[in-house]
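Here are the chains, one letter per residue:
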Amino acid sequence: ESGGSVLVSGTGFLNTSTVRCRVGQVDSSAVLLNGTMLRCPAPQVQRKDYSAEVLRLGVLGVEVLPNNWVPRPVQAYPVEVSFDGQTYSSSGVQYTYYPSPQVDVLTPSAGRKDDATVVVVLNGANFRNDFATPLCRFGRGAPIVVGAFLSSKTMYCRPPIQAMGQNVLVEVALNGQDFEVHKSQTYSFYGVAPVARAAQLSETFCEIQIPFDVGTDRGGKNGQFPCEQLLHFTNQQSLFSLSPASISAAMAAHGEAGLFEAMFGVGQFCSWTTNSTLEISLGHDGLFVVGQGLSLRDNTIMRGKELTLFARGNVTISSPRPPP
């Protein structure tokens with residue numbers, strides 16, 4: 001129903017300046033490929049109904065149809081050709097429109113970019129396999145993969161390996177060539193998470209540096225910010241340099257921010273010195289000791305140039321040099 005193009009085969013096709021097609025009652029210019037083949041546009045017969053996800057992403061421009069455009073039934077129409085712009089063939093060959101495929105849910109809706117074993121189930125409406133084997137494409141310009149038809153409401157496809165982690169719209173073609181995406185959903189390809197390598201006390205004893213194995217997105221943070229936005233203590237009992245009473249008092253006064261102040265001193269803060277190094281600037285009167293553990297806060301830090309899994313795990317504060 002969204003239109004597309006149709007390859008017309010026949011005999012006696014002439015190379016003139018007025019090669020045209022008529023689909024139903026709609027005339028349009030055609031492209032002559034050779035003496036037996038030309039390509040005709042298949043005009044749109046229904047307005048596009050966009051999914052909420054497509055509208056949310058804003059990656060597709062909402063169509064603006066001409067003022068004189070009128071919808072037509074989703075059905076079969078005769079296709080005729082002309083080489084003088086006036087006299088049309090009378091072959092009676094039919095071009096059949098069908099309702100656009102609609103993807104409501106993807107299961108799963110995300111996976112690793114390098115996992116070739118994932119099978120994504122598409123649940124929705126208007127799937128069919130009577131015109132051609134359904135095809136999928138995970139993002140515009142991505143490799144085409146053959147889908148498997150299960151019913152008018154269910155099909156599945158296997159996502160291809162991707163070079164970059166990213167969010168893509170899943171496109172479906174039911175006639176072997178015309179991919180549609182305006183009623184689709186997002187699939188997320190995730191790259192490998194960055195890894196925190198250590199928590200190293202500086203030689204000046206004024207900072208603790210946490211280097212990562214790659215550049216990160218800095219957890220969306222710039223400048224100075226509270227350390228508890230990206231770090232936390234997973235187990236208060238591991239704060240062996242603080243007494244239980246001190247822990248309770250710090251939590252009662254300022255919550256987790258109070259723990260960071262008690263551990264790293266009044267005036268402590270965090271910042272990124274590079275995209276791959278998170279730094280804790282120590283305040284005064286902090287009570288941390290070498291060997292103290294820290295954890296990365298979940299769902300905060302990814303790689304800097306692609307969609308990836310979030311960094312996770314623990315680091316242990318170490319001395320800047322071996323103890324004497």
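The rules we used
Residues numbered from 1 in each chain as written. Predicted model: local features only at pLDDT ≥ 70, side-chain atom pairs only at ≥ 80, totals over all residues. Heavy atoms only, no water. Helix = DSSP H or I, 4+ residues; strand = E, 2+ residues; numbered from the N terminus. Rg over C-alpha atoms; globule rule 2.2 N^0.38 Å. Buried < 20%, exposed > 50% of the residue type's maximum accessible area, 1.4 Å probe, protein only. Contact = heavy atoms within 4.5 Å. Pairing = 2+ DSSP bridges. Axes fitted to C-alpha atoms, helices over the stretch in contact; angles between N-to-C directions. Disulfide = S-S within 2.5 Å. Core = buried A, V, L, I, M, F, W, Y, C linked by side-chain atoms within 4.5 Å.

**Q** With reference to specific residues and values, describe the overall build of the protein.
**A** When its secondary structure is counted, the protein shows three helices and 24 strands. Its C-alpha atoms give the protein a radius of gyration of 30 Å, clearly above 20 Å, the size a compact globule of 324 residues would have. Projected onto the principal axes, the alpha-carbon positions of the protein cover approximately 95 × 40 × 35 Å. Considering the protein as a whole, with its 324 residues, one finds that 42% of them fall into the buried category. In the protein, 64% of the contacts between residues at least 6 apart in sequence involve partners at least 24 apart.

**Q** Requested: an account of the sheet that holds strand 3 (residues 26-29), with residues and values cited.
**A** The strands that make up a sheet are held in pairs by hydrogen bonds between backbone atoms, and each pair lies either parallel or antiparallel. With respect to topology, four strands assemble into an open sheet ordered 3-2-6-7, the strand pairing being antiparallel. Among the strands making up the open sheet, the edge pair consists of strand 3 and strand 7 (94-96). Direction aside, the axes of adjacent strands within the sheet are offset by 30° on average. One ladder, built from three bridges, connects strand 6 (residues 76-82) with strand 7; its direction is antiparallel. Looking across to strand 7, one finds that Tyr77 is bridged to Tyr95.

**Q** I'd like a description of the sheet that holds strand 8 (residues 102-107), backed by residues and values.
**A** Read across the open sheet, the four strands follow the order 8-10-14-13; overall the sheet is antiparallel. Strands at the two margins of the open sheet, each flanked by one partner only, are strand 8 and strand 13 (148-151). Averaged over all neighbouring strand pairs, the angle between strand axes comes to 25°, with direction disregarded.

**Q** Mind laying out the environment of Ala142, listing which residues take part and the relevant values?
**A** Inspection of the secondary structure puts Ala142 in the loop between strand 11 (135-138) and strand 12 (144-146). Judged by relative accessible area, Ala142 falls into the buried class, the value being 14%. With 112 residues separating them along the chain, Ala142 and Ala30 place their C-alpha atoms 28 Å apart.

**Q** Just give me the short version of the state of the cysteines, but keep the residues and values in it.
**A** Within the structure shown, the criterion is met by three disulfides. Covalently, Cys21 is tied to Cys40 through a disulfide, its sulfur atoms 1.5 Å apart. Taken as a pair, Cys21 in strand 2 (residues 20-23) and Cys40 in strand 5 (residues 37-42) lie far apart in primary sequence, 19 residues in all. An identical accessibility class is assigned to Cys21 and Cys40; each is buried. Two residues, Cys136 and Cys157, share a disulfide whose sulfurs are 1.8 Å apart. Because the torsion about its S-S bond is 55°, the bridge between Cys136 and Cys157 counts as right-handed. You can see Cys136 sitting in strand 11 and its partner Cys157 sitting in strand 14 (residues 154-157), a full 21 residues away along the chain. Relative accessible area serves as the criterion here: at 0%, Cys136 is assigned to the buried category. Classification of Cys157 as buried rests on a relative accessible area of 1%.

**Q** Break down the nonpolar core for me, with residues and values.
**A** Ile208, Phe212, Leu231, Phe264, Leu278, Ile280 and Leu294 are the most contacted members of the largest nonpolar core, which totals 31 residues. Counting only elements with at least two residues in this core, the list comes to strand 18 (199-201), strand 19 (207-211), helix 2 (244-254), helix 3 (256-264), strand 21 (269-274), strand 22 (277-281), strand 23 (293-296) and strand 24 (314-318). For this core, the leading source of residues is helix 3, giving four residues. Beyond its immediate stretch of four places on either side in the chain, Ile280 contacts Cys206, Glu207, Ile208, Ile210, Cys227, Leu231, Phe264, Phe269, Cys270 and Leu294. In terms of nonpolar packing, the next biggest core, distinct from the first, is built from 18 residues, Tyr98, Cys136, Val145 and Cys157 among them.

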